[in-house]
Amino acid sequence: MRGDCRNVYICRQNRIVWEKMTEKSLSFDSLHIREEDVFRQMGYDAVSPPDVVAELTATMLNRLGEVASPCFGYVTAYGSLGASTLEVGDVTLHVGKTIARQLQGAEAFAFFVATAGREVEALQKQHFASGDMLGSYIADAIGSMMAEHCADQMEHLLQVNIDKLGWHHTNRFSPGYCQWPVSDQSSLFRLLGDDTCGVTLNAQYVMSPLKTVSGVIGLGTEVRRLDYACALCKMPQCKLRKR
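Throughout, residues of each chain are indexed from 1 in the direction in which the sequence is written. Two thresholds apply to this predicted model, a pLDDT of at least 70 for residue-level local features and 80 or more for giving and counting side-chain atom pairs, whereas whole-chain, interface and lining totals are computed over all residues. Side-chain descriptors were evaluated using all non-hydrogen atoms of the structure, hydrogens and water having been removed beforehand.

Student: Please explain the sheet that holds strand 10 (residues 212-220) as it appears in this structure.
Tutor: Strand-to-strand pairing in sheets goes through backbone hydrogen bonds, with the strands running parallel or antiparallel. Whether two strands pair comes down to DSSP finding at least two bridges between them. Strands are runs of DSSP state E lasting at least 2 residues, helices are runs of H or I lasting at least 4, and numbering of each runs from the N terminus. If you walk across this open sheet you meet the five strands as 1-2-6-10-7, and the pairing is antiparallel. In this open sheet, the two edge strands, each paired with only one partner strand, are strand 1 (22-25) and strand 7 (168-173). Averaged over all pairs of adjacent strands, the angle between strand axes in this sheet comes to 20°, irrespective of strand direction. Pairing of strand 2 (residues 71-77) with strand 6 (residues 108-115), which is carried by seven bridges, proceeds in the antiparallel orientation. To define axes, lines are fitted to C-alpha atoms, for helices over the stretch in contact only, and angles between the resulting N-to-C directions are given on a 0 to 180 degree scale.

Student: I keep staring at the nonpolar core and nothing clicks. Help me out?
Tutor: A general trend in soluble globular proteins is that nonpolar side chains are found buried together. In plain words, nonpolar cores are sets of buried Ala, Val, Leu, Ile, Met, Phe, Trp, Tyr and Cys residues tied together by side-chain atoms within 4.5 Å. For the exposure calls, accessible area comes from a 1.4 Å probe over protein chains only, and a residue counts as buried if that area is under 20% of its type's maximum, exposed if over 50%, partly exposed in between. The biggest cluster of nonpolar side chains holds 39 residues, and the ones touching the most others in it are Ile33, Val38, Leu64, Ile142, Met146 and Leu219. Those elements that place two or more of their residues in this core are helix 1 (35-41), helix 2 (51-67), strand 2, strand 6, helix 4 (118-129), helix 5 (133-162) and strand 10. The element contributing the most residues to this core is helix 5, with 12 residues. In this structure Val38 touches Ile33, Thr57, Leu61, Ala141, Ile142 and Met145, once residues within four positions along its chain are discounted. By size, the runner-up hydrophobic cluster in this structure holds 27 residues, among which are Leu86, Phe111, Trp180 and Val216. We call two residues in contact whenever any of their non-hydrogen atoms come within 4.5 Å of each other.

Student: I would appreciate a short explanation of the environment of Gln204 in the present structure.
Tutor: Counting through the fold element by element, Gln204 comes out in the loop between strand 8 (200-201) and strand 9 (207-208). Taking the relative accessible area as the measure of exposure, Gln204 reaches 56% and is therefore exposed. In the structure, Gln204 is positioned 19 residues away from Gln185 in sequence and 9.6 Å away in space, judged by C-alpha atoms.

Student: How do you make sense of the pattern of salt bridges when you look at a structure like this?
Tutor: Side chains carrying opposite charge are able to pair once their charged atoms draw close together. One speaks of a salt bridge when a side-chain nitrogen belonging to Lys or Arg is within 4 Å of a carboxyl oxygen belonging to Asp or Glu. Scanning all chains against the criterion turns up 11 salt bridges. Here Asp90 and Arg190 are joined by a salt bridge, their closest N and O atoms 3.2 Å apart. Here the residue Asp90 occupies a position in the loop between strand 4 (86-88) and strand 5 (91-93), and Arg190 occupies one in helix 6 (residues 185-192), the gap between them amounting to 100 residues. Given the relative accessible area of 55%, Asp90 is considered exposed. By relative accessible area, Arg190 is classed as partly exposed at 39%. For Glu121, the salt bridge is made with Lys125, and the minimal N-O distance between the two is 3.4 Å. Taken as a pair, Glu121 and Lys125 lie in helix 4 at a separation of four residues, close to a single helical turn. Judged by relative accessible area, which is 15%, Glu121 ranks as buried. Look at the salt bridges and you will find they share partners, linking Glu148, Asp152, Glu155, Arg172 and Arg225 into a network.

Written out as structure tokens, the structure is:
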């Protein structure tokens, strides 16, 4: 499906050619997750967490520093953007009108996956199985942050790689948000290929490891990364929503 020519920077005349996959494993320390960030993730914005929470959080962060294996991968391609769809070769993504508007002006697109890895999920399940709901909750919070910070690292490397073209990038957008159906994960994974960073997709479109994010980013000279357009979004429970 990807053809013989893999370099999107050279093969501009072929509008459906993929660049080869960029995949990178990271260290836990490179994610720069601090205890205070985890506390905020758990809702301790204005008050200090109890000692037991602080101690268990520190223990988990130290443990994950030894065993965690976060990873990201992305591939770039040309595509055709419609009012609510993005077509790349024979793959159609039903991104919805809101995301399509945010991608307007893109000259190409990056499709990505970023995962916290299986170790934090195993840690969360271990605490849950033993009846330690607090430990399970803390591990869950750390895992969510790991996946997002890993995606941040992906965006940074992506920008370094497109700087040579004078390109910028948009925000990242994922299935399940802004009316982009989760079922499109199957189409997205067709673009990413099999087993990128060890991430798999089940029949219910749930990624494994669970603490994984995937999606699309617009690339080009006329796009910019903006504040998330909360006024356009219909998800009041979104953690990125401005209050």
